[in-house]
Amino acid sequence: SSIFCPAESEGAMGLLKIGTPLHWEDSLEHCNYVRLHGIHQFIATYRRLRHLENDRLFYGDEIEYSLLKLDERQKTVKLSLRGPEVMESLRQSEQVIHAFRGCTWHQEYGSWMLEGTPDLPYGGYTMSLASVEQNMRLRRGRLLSALLADEVAPTLVSFPLMGVGDFVSPSAPPGGEASESDFVPDTCINPHPRFATLTGNIRRRRGGKVDIRVPLYEDVKTPEFKSSKDPQIHMDCMAFGMGCCCLQVTFQASDIEESRLLYDQLAVLAPIMMALTAATPIVKGRLAATDVRWSLISQSVDDRTPAERGEAPSAAPDSRMAGGGVRRQTKSRYDSISCYIHPGSNSYSDIPCEIDDDLLALLQKEGIDDTLARHMAHLFTRDPLVIFEGLVEVDDSATTEHFESIQSTNWQTVRWKPPPMKANACSPHVGWRTEFRSMEVQMTDFENAAFTAFIVIVTRAILVFNLTLLAPLSKVDENMKRAHELDAVRRQKFWFRKHILPDDTDDFMAKQCPGQQPLNAEAKASQFEEMTMDEIMNGKSCYFPGLVPLCYAYLEHIGCDETSFRRIDEYLKLIKARATGHQLTPATWMRNFVHSHRDYQMDSVVSDSIAYDLVTACNDIALGKRACPELLGEVKIEPITAHGQYETPLYGERLGPEDRRGLLDKIMKRASECDGTFSAPSSAGLRRQTSGNLPPDREFSHTLSERSQQGGLAMRMEEIRESKEGYKN
């Protein structure tokens, strides 16, 4: 995560290098070299840093924002392709301020996107959980200060009108050399050459444009259902997927073993938290029959050849490609995990996991344990997608560039992250980390902070109480499918472990729950059962405590301070209420908004006016301008404005005589008689000044004019001197 290492900035897109990226045909001759030496670089890192231990907990979040341009007169909203420009402005402002706690801004795939993180990771104290929201609000406010008057930057997963008509500003025709899209112009792609190359090379490797299909929502008058039983929303380029925004959280673990354990535990939670944060009901101007983004992105970066996808007979292998380009790959490189990485989890890795046998043998020969070697050999069944000219042959002991080239383009629900290479002796220490990647970004900073805090507390509870959430990966993948369904929080059940405490057994819990119906042999033989979201989060009967009560138990165990607990309690109440269905997911709220809009024709179409009003409403909710009890309950969002988002230095330079006199004169004219010389106008004074028949601005000017006639600067200075003498006496 970029919050732990600036060298790893740019989020999911990996490292951004200065140079010329190679076209796919020119990359092919280097692919095997990069894969092999990426493994050598990992081995070097492992040997150098595997003994790190007792690292402190640090964590951080990443939030992605969309820049949108509103036309109030036409009631339209478009993508504003000023992301790089706004990012540079924000970076310069951060450098000028040099504040203790600030923000860091990173490029993202779309030229309308940017990513914000805290400039420093949060420490492992309860008070840090409250500071997460403060920093998120700071980021939103600072971004707001860099926008034009007709721009907004809400935290929406997907732009509702992506790929519909003329949806970008400035306007551009669809297509281009990189995407060849029928719907999206290449101007939507970040201008850094890496991104266009990534787009083009995915298309070239797979042998054609990406083919994205999302099921269409059926309403009363949806026309497609008259001619098709299962109509779908069709998309054809990477921007549809990588243009989605999300919330990610990264943890620094105590040591390598803890980081691997957390990876496995969090992988089980990935589909659960994705469903709980669902916020993607609209795709390409249509209501979808799904609520989350994951499958959409998975399809948008699927670089598998037809043979690898199992859609065509195996072609002649190309020895320059991983697996010859014909090895069966059951998943896209953006998907759920295919194997656990902690040795104690091996028995739950029960799904296909393709590996490179030669790289597996090399890893095992170099002393990497079988479980971790399998994980690495699986990641490296993928080809590098972007190779820079002149940067192929590198020193494997001095760089991890080839390792990161493949590691950073395996976009899975969780990512295990070895410590980065130090740029110099002054670089900060960074340990073994785990990144949680499945959550959808929420409309408000309160929600995003709540889910960040929840995941942090859950990881602590897992470690302190020695919990295990492990489930067979086949059931985790089934949960991923169910998490995509419409309103999955209220309508679906998810496979979950019945007993997560180490001393829990069916016989032990039967004694704890004497009134419970005896389990039949089949249920007793299984450690897992289907639970509702309410049961997973809030508990089931007397044998499953629920994740939210376990969070409260952990906070009580550590003696959480009262100030921090008040806000954390509000976060956990949000989780609880959303799990019960009493508060809606953003996806359900947006769907309801569309259904109730005066222009909606019950045809699954999200028109320009609906999209405009939806984006405006989401932005107003995030900025505290519009209450939304359906989402937030009784929580009120404190207003966020563009003003006052940067600290004001207490300068000590002396003013010259003219500047000093001008400033004093201005302050005196602004004062209110009832409040005393040099005071700011009181609220009572302002009410009196605006209580007449004149417009407030004229009446206020009139009052100031009258006041200035009562005495000049000399009289005011005399009053000041008298007041100072009185103060001294």
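So, the environment of Met439
- Secondary-structure assignment places Met439 in the loop between β17 (433-436) and α13 (445-464).
- In sequence terms Met439 and Cys245 are 194 residues apart; their C-alpha atoms lie 9.7 Å from each other.
- Setting aside its immediate chain neighbours within four residues, Met439 contacts Cys246, Leu247, Val249, Met273, Thr277, Arg293, Phe451 and Ile455.

Here we look at the confidence of the model for the protein chain
- In this model, the protein chain carries a mean pLDDT of 90, and residues with pLDDT of at least 70 account for 87%.
- Note on residues 9-15: pLDDT is under 50 here. Beyond four places in sequence and across chains, it has 28 contacts.

Points about the pattern of salt bridges
- Scanning the model with the defined rule gives 40 salt bridges in all.
- Residue Glu133 pairs with Arg567 through a salt bridge whose shortest N-O separation is 2.8 Å. Of this pair, Glu133 sits in helix α4 (residues 126-145) while Arg567 sits in helix α20 (residues 562-580); the two residues are 434 residues apart in sequence, bridging distant segments of the chain.
- Overall, the relative accessible area of 23% leaves Arg567 in the partly exposed class.
- Of the charged contacts, one joins Arg567 and Glu570 as a salt bridge, the two residues approaching to 2.5 Å between their closest N and O atoms. In this pair, Arg567 and Glu570 are both assigned in helix α20, 3 residues apart and thus about one turn of the helix distant.
- The class for Glu570 is partly exposed, based on a relative accessible area of 30%.
- Each of the salt bridges in this network shares a partner with another, and the network as a whole consists of Arg205, Asp303, Glu308, Arg333 and Asp383.

Some remarks on helix α3 (residues 83-97)
- For α3, spanning 15 residues, the distance from its first C-alpha to its last is 21 Å, which sits close to the expected 21 Å at 1.5 Å a residue.
- Every buried residue belonging to α3 is among Gly83, Val86, Met87, Leu90 and Glu94, and all of these are buried. The buried residues of α3 occupy one face: seen down the axis, they fall within an arc of 100°. Turned more than 90 degrees away from the buried face of α3, the exposed residues are Gln95 and Val96.
- Tucked into the core, α3 has its buried residues touching β3 (76-80), β4 (103-107), β5 (113-118) and α4.

Parameters and conventions
- Residues numbered from 1 in each chain as written.
- Predicted model: local features only at pLDDT ≥ 70, side-chain atom pairs only at ≥ 80, totals over all residues.
- Heavy atoms only, no water.
- Helix = DSSP H or I, 4+ residues; strand = E, 2+ residues; numbered from the N terminus.
- Contact = heavy atoms within 4.5 Å.
- pLDDT = per-residue confidence, 0-100.
- Salt bridge = Lys/Arg side-chain N within 4 Å of Asp/Glu carboxyl O.
- Buried < 20%, exposed > 50% of the residue type's maximum accessible area, 1.4 Å probe, protein only.
- Expected span 1.5 Å × (residues − 1).
- Arc of directions from axis to C-beta.

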